[in-house]
Amino acid sequence: MIETLRCACEAAGCDRDLAEHQLMLTMETSAGVRHAYECDCGTVTVTVTKQRP
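Since the model is a prediction, treat every value here as computed from it, not as a measurement. (Residues numbered from 1 in each chain as written. Predicted model: local features only at pLDDT ≥ 70, side-chain atom pairs only at ≥ 80, totals over all residues. Heavy atoms only, no water.)

Caption draft 1: Molecular detail of the overall build of the protein. Per the secondary structure count, the protein includes zero helices and three strands. In the protein, the order of α-helices and β-strands from amino to carboxyl end is β-β-β. Structurally, the protein occupies a C-alpha span of about 35 × 25 × 20 Å along its principal axes. Scored against the burial criterion, the 53 residues of the protein give a buried share of 23%. Entry remark: accessible area of the protein is about 4,400 Å², with carbon and sulfur atoms responsible for 51%. If you average the places of the 5 positive and of the 8 negative side-chain charges in the protein, the two averages end up 8 Å apart. (Helix = DSSP H or I, 4+ residues; strand = E, 2+ residues; numbered from the N terminus. Buried < 20%, exposed > 50% of the residue type's maximum accessible area, 1.4 Å probe, protein only. Areas by Shrake-Rupley, 256 points an atom, 1.4 Å probe, with all protein chains shown as cover. Lys, Arg positive; Asp, Glu negative; His and termini not counted. Charge placed at Lys NZ, Arg CZ, Asp CG, Glu CD.)

Caption draft 2: Up close: the environment of Thr43. Tracing the chain through its elements places Thr43 in the loop between strand S2 (32-38) and strand S3 (44-50). When the C-alpha positions of Thr43 and Leu23 are compared, they lie 12 Å apart, and in sequence the two are 20 residues distant. Every residue in contact with Thr43, bar those within four places of it in the chain, is listed here: Cys9, Ala11, Tyr37 and Glu38. (Contact = heavy atoms within 4.5 Å.)

Caption draft 3: Spotlight on the nonpolar core. Membership of the largest hydrophobic core is limited to six residues, which are Cys9, Ala11, Cys14, Leu18, Tyr37 and Cys39. Look past the residues within four positions of Ala11 in its chain and what remains in contact with it is Cys41 and Thr43. (Core = buried A, V, L, I, M, F, W, Y, C linked by side-chain atoms within 4.5 Å.)

Caption draft 4: Up close: the sheet that holds S2. Read from one edge of the open sheet, three strands run S1-S2-S3, paired in antiparallel fashion. Of all the strands in the sheet, the pair left with one neighbour each is strand S1 (23-29) and S3. Across the sheet, the mean angle separating the axes of adjacent strands is 15° when strand polarity is ignored. One ladder, built from six bridges, connects S1 with S2; its direction is antiparallel. Opposite Leu25, over in S2, you have Ala36 as the bridge partner. (Pairing = 2+ DSSP bridges. Axes fitted to C-alpha atoms, helices over the stretch in contact; angles between N-to-C directions.)

What follows is the structure, given as structure tokens:
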């Protein structure tokens, strides 16, 4: 089981932590919730949380 999750930039060589103030978009569908974060380096990282049945 995953005990600690980290939201970080996925750009090569960046790996900065992404914070709430960098959250630019949230979208919810029947498949789950997506969050788009814009890092200070300009890269957009999307996270997906699946809904439990």
